[in-house]
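A closer look at the structure
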Amino acid sequence: MACTSQSASEYVKNARKYLVEELKNLEVILENLNQKGVLSDEEVSNIEVERTDYKKRRKILDSVIRKGEAACYEFLWIVDGTRKRNYGSTTPTKTTAASPETKTFDLHYWISCFSFHEDSQTDASYLKGPRPCHRYQAKLKSKAQKISNQFWTANKNLFEGNNKPDLSYTPLVLATQNISSPVEVKNFKSRKGKKSRPKKLRTYIPENKAGTSPSDLLKRGRSVLLVGKPGIGKTAVTHQMLKLWAERDNTELDYMFYLDMRKKADIKNLEDLVFGGFGEHFEGKEKVLQHIQDNSDNVTLIFDGITDLSDHPVVEQIIKKNLLSEAKIIVTLRPDDEEHFPSEDFHRVEVKGFNEQAIQAYLSAMLGEEQKKVLSNLELFTLCHVPMYALMVSVCFLFETPEDSPQPCSIADIYINIVRQCLQINNPKKPKDLDFFSKTNWDEVLSLAEVAFHATEGKSVNLTKRPCEDSCVLSFLNPLVIKVHPTERITTYAFLHYTMQEFFAALWLLKNPDQIKDVLQQSLTEEKKHMKHLIPFMCRLLNVKSPGLMKFLIPAEELENTSNWFFKEMIDTLCETDEAGPEDILFLCQCLYESQCPDACRNLLDKLDYRLDLSGESLDPLTCCAVAYVVAQSTERKISLNLEDVTVSEQGMRQLFGCLKNVQRYE
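Residues numbered from 1 in each chain as written. Predicted model: local features only at pLDDT ≥ 70, side-chain atom pairs only at ≥ 80, totals over all residues. Heavy atoms only, no water.

**Regarding the overall build of the protein**
Cut-off, in case you're wondering: Helix and strand definitions here come from DSSP, where helices need a minimum of 4 consecutive H or I residues and strands a minimum of 2 consecutive E residues; each element is numbered from the N-terminal end. Note on definitions: a residue-residue contact is assigned when non-hydrogen atoms from the two residues lie within 4.5 Å. To measure how exposed things are, a 1.4 Å probe is used in the Shrake-Rupley method; for residues, cover is taken only from the protein chains shown.
Across its full length, the protein holds 30 helices and 13 strands. Taking contacts inside the protein between residues at least 6 apart in sequence as the whole, the part at least 24 apart equals 76%. Total accessible area on the protein is roughly 32,100 Å²; 46% of this is exposed by carbon and sulfur atoms.

**Observations concerning the pairing of strand E4 (residues 299-304)**
The condition that has to hold: Three exposure classes are used, based on accessible area relative to the maximum for each residue type with a 1.4 Å probe and protein chains only: buried under 20%, partly exposed in between, and exposed over 50%. DSSP bridges decide pairing: two strands pair if at least two such bridges lie between them. Orienting the strands away from the viewer, one traces the path from the first strand over the helix to the second; a clockwise path indicates a right-handed crossover.
For E4, a buried count of six out of six residues is recorded, marking the element as mostly surrounded by other parts of the structure. Of the pairings in the sheet, the one linking strand E3 (residues 255-260) to E4 comprises six bridges and is parallel in character. From the neighbouring strand, Asp260 faces E4, where its bridge partner is Asp304. Bridging between E4 and strand E5 (residues 328-333) involves five bridges; their strand directions are parallel. What sits directly across from Asp304, in E5, is Thr332. Where the polypeptide runs from E4 across helix H14 (residues 313-319) and back to E5, its parallel neighbour, the crossover connection is right-handed.

**Looking at the confidence of the model for the protein**
When pLDDT is low, close inspection of the predicted coordinates is not appropriate. Put simply, the rule is: pLDDT measures how confident the predictor is about each residue, on a scale from 0 to 100.
Confidence in the prediction for the protein averages 84 pLDDT; 88% of positions are at 70 or higher. Under a pLDDT of 50 for its full length, residues 179-193 has, in the predicted model, 18 contacts with residues more than four places off or in other chains. Taken as a whole, residues 402-407 scores under 50 in pLDDT and shows six contacts with residues more than four places along the chain or in a different chain.

**As for helix H13 (residues 285-294)**
The following threshold applies: Summarising the geometry, the arc corresponds to the directions from the helix axis toward the C-beta atoms.
When we look at burial in H13, the residues that qualify are Lys285, Val288, Leu289, His291 and Ile292. With its buried residues spanning 160° around the axis, H13 presents them on a single face. Opposite its buried face, H13 presents the exposed residues Glu286 and Asp294, each directed more than 90 degrees away.

**A short note on the environment of Trp77**
Along the chain, Trp77 falls in helix H5 (residues 69-87). Since its relative accessible area comes to 9%, Trp77 is described here as buried. A sequence separation of 34 residues divides Trp77 from Ile111, and the C-alpha atoms of the two residues are 9.0 Å apart.

**Comments concerning the packing of helix H7 (residues 131-156) against H13**
Using the following cut-off: The convention used is that axes are lines fitted to C-alpha atoms, helices contributing only their stretch in contact, and that angles between N-to-C directions extend from 0 to 180 degrees. In what follows, roughly perpendicular refers to angles from 65 to 115 degrees, roughly parallel to angles under 35, roughly antiparallel to angles over 145, and oblique to any angle outside these ranges. We call Asp, Glu, Lys and Arg charged. Ala, Val, Leu, Ile, Met, Phe, Trp, Tyr, Cys and Pro are nonpolar, and the rest, Gly among them, are polar.
Running from amino to carboxyl end, H7 crosses H13 at an angle of 85°, the nearest separation of the two axes being 8 Å. Classified by the interaxial angle, the pair formed by H7 and H13 is roughly perpendicular. Along the contact surface, H7 presents Pro132, Cys133 and Tyr136, while H13 presents Lys287, Val288, His291 and Ile292. Taken together, the residues that form the contact of H7 with H13 break down as five nonpolar, one polar and one charged.

**So, the sheet that holds strand E1 (residues 174-175)**
Pairing in this open sheet of six strands is mixed, and the strands run E1-E6-E2-E5-E4-E3 from one edge to the other. With one partner strand each, in any of the chains shown, E1 and E3 form the two edges of the open sheet. Pairing geometry for strand E2 (residues 223-227) and E5, over four bridges, is parallel. Residue pairing across strands places Val224 opposite Ile330, the latter belonging to E5. Its contacts with the sheet put helix H11 (residues 234-247) on E1, E2, E3, E4, E5 and strand E6 (346-351), and the angle it makes with E3 is roughly 155°.

**Section: the environment of Ala71**
Note on placement: Ala71 falls in helix H5. Linking Ala71 and Leu33, residues 38 residues apart in sequence, is a C-alpha distance of 8.6 Å.

**Some remarks on the packing of aromatic side chains**
Short version of the rule: Only the six-membered ring of Trp is used, alongside the rings of Phe and Tyr, when aromatic pairs are assigned; centres must lie within 6.5 Å, and planes under 30 degrees apart are stacked while those over 60 apart are edge-to-face, with the rest tilted. Placement of a charge over a ring requires the Lys NZ or Arg CZ to be within 6 Å of the ring centre, with the centre-to-atom vector within 35 degrees of the ring normal.
Evaluated as defined, the whole model comprises 26 aromatic pairs. Relative to Trp77, the ring of Tyr73 has its centre 6.2 Å away and its plane inclined at 80°; by these criteria the two rings are edge-to-face. Here Tyr73 and its partner Trp77 are both found in helix H5, four residues apart, which amounts to about one turn of the helix. Following the ring pairs from residue to residue traces out a cluster consisting of Tyr11, Tyr18, Tyr73, Trp77, Phe105, Trp110, Phe114 and Phe116. Looking at Lys200, its charged tip hangs above the ring of Tyr498, at a distance of 4.3 Å from the centre. We note Lys285 situated over the ring of Phe275; from NZ or CZ to the ring centre the distance is 5.3 Å.

**Examining the nonpolar core**
What counts here: Buried residues of nine kinds, namely Ala, Val, Leu, Ile, Met, Phe, Trp, Tyr and Cys, make up a nonpolar core once their side-chain atoms join them within 4.5 Å.
Residues Phe257, Phe303, Phe504 and Met570 are the most contacted members of the largest nonpolar core, which totals 177 residues. It is helix H19 (residues 387-398) that contributes the most residues to this core, ten residues altogether. If near-sequence neighbours (up to four positions away) are discounted, Met570 is found in contact with Leu520, Ile535, Cys539, Leu588, Cys591 and Leu592. Membership of the second largest hydrophobic core comes to 36 residues, among which are Ala8, Val20, Ile78 and Phe105.

**Structural notes on the sheet that holds strand E13 (residues 663-664)**
With respect to topology, three strands assemble into an open sheet ordered E9-E11-E13, the strand pairing being parallel. Either end of the sheet is taken by a strand with one partner, and the two such strands are strand E9 (611-613) and E13. Bridge analysis of E9 against strand E11 (residues 639-642) gives three bridges, and the strand direction is parallel. Counted as the bridge partner of Leu612 is Leu641 from E11.

Below you can see the structure in the form of structure tokens.
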């Protein structure tokens, strides 16, 4: 906005009487003048010893004017380059630099009127604040990069041996539109329960609507409230923002702080927050702290995992704008903690997990060729909309087991590992194993299992009562607050994915084995056929060599007693007629693959007279694994296997090749 043709020296001289009163942040200006060679170290020292800012301003201006045109031009560049930092808003008022009527001096307007050379560009090397602040920013960025790397490394360490993929941020659906009204949400939940199983599962994947990104949130001036279910990716978003800030150039002297609120940090004051982890002897600590307080509009604070503000008085003061009032604040919390959070000044963003394209991209990066096993299994594919679940699916599929291992990773194993992982990472004490949990903890798991069973039996995804109080156990649920009257709200709960509800329902059945025979019979009826999806989970949970979970819930003797009759009962019930079709046979093969029980496989083959008719079916790779396993258990008699008009992938065929020695021509 240049509007004058005066020389630099004339421009500074004419404004001297105003600048000796208005020039601010003299330390930064002196450091830049020294850095650019306008003032020597000795001249800077002589100015710094002056007792008042007025005398310092006068000496700076007189020295610059005395040194001529080039020095004045450099001085103007410095003022222009640092004016936002030193003088607040850069928007000039539409008055003269010094209005006769108001007798005020608008430095922004004054500097914007000077005609800088057209071929000149602002030099990014100008210091925007005291040197200790620049050193501190460099250390803060290094710390931010380290925190971000540690987050991804922790997840990477779940993978075994050489199967450790490079983990990084995969785009998540970040919804900024207004949330649905309580009635709309309630109706949606009701309709979900009436959908067919494939359609019901697909409703969990968020739609690919235009939303926002971590980069957009970083640029947004307003504070941000990131809300989302456990494991849905809130922390991943904040770490991506942290990474983007750390990698950004240093043209701005800004600060970003990350605090994991799940860890008990002893923050007594602002100094603890700013210098925690830097040690007590950071040179220039006072200048840095003062600069942060004076320029809080260039401060961003991330508070990840807030539950109760009363436990963190300094954080509460910041959020309520009593401290660092102009700072940008980013908070992550779960939906059930949102009601008690003072969110009036926050821009609400809901983290919804992976959409379909993101799931495919994630699995491709994690699993390579193995992704086809997940992509062809609707239950697993839709489960992966929750990033934490997608991670555990990848970990389980890449888990290196010996080639002769009798215990390959099964679908139910993935769910067991998800449960174990969620219980461990959501416990404040972060135990390395589940032995740490008390009987009370496990009783709460069984309470959740009971509620899950009754909801599944009733074809519902709504849990109408809070099943437990333990925050670890509640991490499997998404709370939904519904306003039914102006002064009354009710809270319902739903699992993050319907198959997780089925898994917990299977747990309850094994705790109450007297109910199992009824469920097996119900699964044959049109009204209750959805209950059959509990059976594969039970088959795996009865295997004593599955990942450790059941030993904490049900005594081994009880499980053994159930196992002694369960598999025969299952086969007799599901094959009770001679008209068991290919679909029924495939389902039983999947159940027996989960069980890894050779005797049960031979029992099924006897029941079918060693004839497996799978004609006309479409076999995905996991189904091929199950069929191959059952066929391989026939040690004394060859099996007639009908694969006429079967659709099968190359990967699936490779699974079947291993059992062909046990197969004869189907007649």
